[in-house]
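Coordinates in review
What follows is the residue order along each chain.
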Amino acid sequence: MVVHWSDRYIGKPYITGVADCASLAIEVVRDRQGRGIEVPVEHSAHYLGQSKQILRHKDDLADKIDAPEDGSPALFYGRGRLCHIGVMCWIANEWWVLHADQVSGFVIRQRLRDMTRVLYKLEGYYRWK
């Protein structure tokens, strides 16, 4: 069985404002690239607040790219608002998303095609600045 770098994060607990989707993405870039990305300390637990925070800071932190890369962040719409970040994973010739899922209460990895089928709409792929 081949182990992917993202396996080590699966099952970590989701804790609003402490261990959420943004903090997971920052942890991954620190672990994989040795980079310390500074994100604002405020974290909203609600879609509207999350959307405002993402819109306010995304252009300062990352550049949009045309295609995903293994380990790159991706932003998603939920309930019509930009509210979620995940990390792209290339596994078995398919794109997966590692993300801290508030509903399940922990970090999971889902196929991109399954994730965007019901709950989320992909906004775009990014590369940290």
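Here, every reference points to the structure presented above.
Now for a look at the structure at hand. Fair warning: this is a prediction, and the values are worked out from it, not measured in the lab.

Reading guide: rules and limits
- Residues numbered from 1 in each chain as written.
- Predicted model: local features only at pLDDT ≥ 70, side-chain atom pairs only at ≥ 80, totals over all residues.
- Heavy atoms only, no water.
- Helix = DSSP H or I, 4+ residues; strand = E, 2+ residues; numbered from the N terminus.
- Rg over C-alpha atoms; globule rule 2.2 N^0.38 Å.
- Buried < 20%, exposed > 50% of the residue type's maximum accessible area, 1.4 Å probe, protein only.
- Areas by Shrake-Rupley, 256 points an atom, 1.4 Å probe, with all protein chains shown as cover.
- Lys, Arg positive; Asp, Glu negative; His and termini not counted.
- Charge placed at Lys NZ, Arg CZ, Asp CG, Glu CD.
- Polar contact = N/O pair within 3.5 Å; in protein donor to acceptor, adjacent residues only side chain to side chain.
- Contact = heavy atoms within 4.5 Å.
- Pairing = 2+ DSSP bridges.
- Axes fitted to C-alpha atoms, helices over the stretch in contact; angles between N-to-C directions.
- Core = buried A, V, L, I, M, F, W, Y, C linked by side-chain atoms within 4.5 Å.

**Concerning the overall build of the chain**
In terms of helices and strands, the chain carries three helices and six strands. Start at the N end of the chain and walk to the C end: the helices and strands fall as α-α-β-β-β-β-β-α-β. For a compact globule of 129 residues, the expected C-alpha radius of gyration is about 14 Å, and the chain comes in at 13 Å, within 12% of that figure. Burial status across the chain gives 44% buried among its 129 residues. Approximately 7400 Å² of the chain is accessible, and the part contributed by carbon and sulfur atoms is 53%. Charged side chains in the chain number 18 positive and 16 negative. The centres of these two groups are separated by 4 Å.

**So, unusual backbone geometry**
Positive phi, close to 50°, is recorded for Ala 92, a residue that is not glycine. Ala 92 sits in the exposed class, given a relative accessible area of 70%. Even without glycine at this site, Asn 93 takes up a positive phi of about 60°. Note that Asn 93 resides in the loop between β3 (81-91) and β4 (94-101). Taking relative accessible area as the criterion, Asn 93 reaches 67% and is therefore assigned exposed.

**Notes on the side chain of His 4**
With respect to the element layout, His 4 can be found in the segment before α1 (21-33). One polar contact links His 4 to Ser 6, side chain to side chain, over a distance of 2.8 Å. Polar contacts involving the side chain of His 4 include one to the side chain of Asp 70, which spans 3.3 Å. Among all residues touching His 4, those that are not within four sequence positions of it are Asp 70, Cys 89, Trp 90, Ile 91 and Arg 109.

**Quick notes on the sheet that holds β4**
Reading across the sheet, the six strands line up as β1-β6-β2-β3-β4-β5 and stay open at both edges, with antiparallel pairing between neighbours. With one partner strand each, in any of the chains shown, β1 (62-65) and β5 (106-111) form the two edges of the open sheet. Averaged over all pairs of adjacent strands, the angle between their axes in this sheet comes to 40°, without regard to strand direction. Strand direction decides the pairing type here: strand β2 (residues 73-78) and strand β6 (residues 120-128), joined by five bridges, are antiparallel.

**Structural notes on the nonpolar core**
Core analysis: the largest hydrophobic core is formed by 25 residues, its most contacted members being Trp 5, Tyr 9, Leu 24, Val 28, Leu 98 and Trp 128. Breaking this core down by element, the ones donating at least two residues are α1, α2 (47-61), β3, β4 and β6. Sort the elements by how many residues they give to this core and α1 lands first, with six residues. With residues up to four places along the chain from it excluded, the contact list for Tyr 9 reads Leu 24, Glu 27, Val 28, Asp 31, Leu 98 and Val 107. Judged by nonpolar contacts, the second largest core, of nine residues, contains Phe 76, Met 88, Leu 112 and Met 115.

**Some words on the environment of Ala 92**
Along the chain, Ala 92 turns up in the loop between β3 and β4. Between the C-alpha atoms of Ala 92 and Ile 108, which are 16 residues apart in sequence, the distance is 17 Å.

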